[in-house]
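Given next are the chains, with one letter for each unit.
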Amino acid sequence: MKLKLFILIALVGFSSLAAQAQKKPVASKKAPVVTIKKCGLPSDSANSAKLPLATILAWADQPALVVKCSDEKSYTLHQFGVSIIYKSPMQVKDFGVGNDAIPYLARKAADKLAAGDTFYLKDIVGLDENKKEVKLPGLAFSVSE
């Protein structure tokens, strides 16, 4: 009797293990990443790389950093790396990652930019009008005056 009970328990245990082994994890589909070719400031109709320092600073002080891209849509910057490239003496300074705003130290350093210096945003993730994340190209704003 004990042997039959042991065999019955063993069969139930093995069948439950086999059923769990047959369950396959459901693969979640990731949304395709949309990559945009070129972006610039919404106020920059020529989409140029050289802008007056006042224009760059006014954009950086906005509560939501918005760029207009080649697909004619506007995106709010969500996460991005910030660097400043100084022309004289040639030097590149990284200011870390900005989340929805320019990091404080990067914004303070931008006040002291001179003609030829470049404010550079890289590894940008923006949000479209539906709050969907979109990978955007790097943005480089060179100070014209």
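Let me begin by describing the structure that accompanies this report. None of these values were measured; they are calculated from a predicted model.

### What to know about the overall build of the protein
Thought 1: Along the backbone of the protein there are three helices and eight strands.
Thought 2: Along the protein, helices and strands appear, N-terminal first, in the series α-β-β-α-β-β-β-α-β-β-β.
Thought 3: Across the 145 residues in the protein, those meeting the buried criterion constitute 32%.
Thought 4: Element-wise, carbon and sulfur atoms account for 61% of the exposed surface of the protein, whose accessible area totals about 9,900 Å².

### A short note on the packing of aromatic side chains
Thought 1: Applying the stated criterion across every chain yields a total of one aromatic pair.
Thought 2: Seen in terms of ring centroids, tryptophan 59 and phenylalanine 141 are 5.4 Å apart; in terms of plane orientation they differ by 65 degrees. Their pairing is edge-to-face. With tryptophan 59 in helix α2 (residues 53-60) and phenylalanine 141 in strand β8 (residues 139-143), this residue pair connects regions lying 82 residues apart in the sequence.

### Topic: the pattern of salt bridges
Oppositely charged side chains are able to pair whenever their charged atoms sit close together.
Thought 1: Applying the stated criterion across every chain yields a total of four salt bridges.
Thought 2: Between aspartate 61 and arginine 107 there is a salt bridge, and its shortest N-O distance comes to 2.6 Å. A residue pair is termed long-range when its members are at least 10 positions apart, and aspartate 61 in the loop between α2 and β3 (66-69) and arginine 107 in helix α3 (residues 104-110) qualify at 46 residues.
Thought 3: Accessibility expressed as a relative area gives 49% for aspartate 61, which makes it partly exposed.
Thought 4: Aspartate 111 is paired through a salt bridge with arginine 107; the nearest N and O atoms lie 2.5 Å apart.
Thought 5: Residue classification places aspartate 111 among the partly exposed residues on the basis of a relative accessible area of 37%.

### Comments concerning the nonpolar core
Thought 1: Trp59, Val67, Leu77, Phe119, Leu121 and Leu136 are the most contacted members of the largest nonpolar core, which totals 31 residues.
Thought 2: Residue assignment for this core shows that the elements contributing at least two residues are α2, β3, β4 (74-86), α3, β6 (118-127), β7 (133-136) and β8.
Thought 3: Per-element tally for this core: the top contributor is β4, with six residues.

### Details of the side chain of serine 83
Thought 1: Relative to the assigned elements, serine 83 resides in strand β4.
Thought 2: Among the polar contacts made by the side chain of serine 83, one reaches the side chain of lysine 122 at a distance of 3.2 Å.
Thought 3: The residues touching serine 83, leaving out its near neighbours within four places in the chain, are Val92, Lys93, Asp94, Thr118, Phe119, Tyr120 and Lys122.

How each quantity is defined
- Residues numbered from 1 in each chain as written.
- Predicted model: local features only at pLDDT ≥ 70, side-chain atom pairs only at ≥ 80, totals over all residues.
- Heavy atoms only, no water.
- Helix = DSSP H or I, 4+ residues; strand = E, 2+ residues; numbered from the N terminus.
- Buried < 20%, exposed > 50% of the residue type's maximum accessible area, 1.4 Å probe, protein only.
- Areas by Shrake-Rupley, 256 points an atom, 1.4 Å probe, with all protein chains shown as cover.
- Phe/Tyr/Trp six-rings, centres within 6.5 Å; stacked < 30°, edge-to-face > 60°.
- Salt bridge = Lys/Arg side-chain N within 4 Å of Asp/Glu carboxyl O.
- Core = buried A, V, L, I, M, F, W, Y, C linked by side-chain atoms within 4.5 Å.
- Polar contact = N/O pair within 3.5 Å; in protein donor to acceptor, adjacent residues only side chain to side chain.
- Contact = heavy atoms within 4.5 Å.

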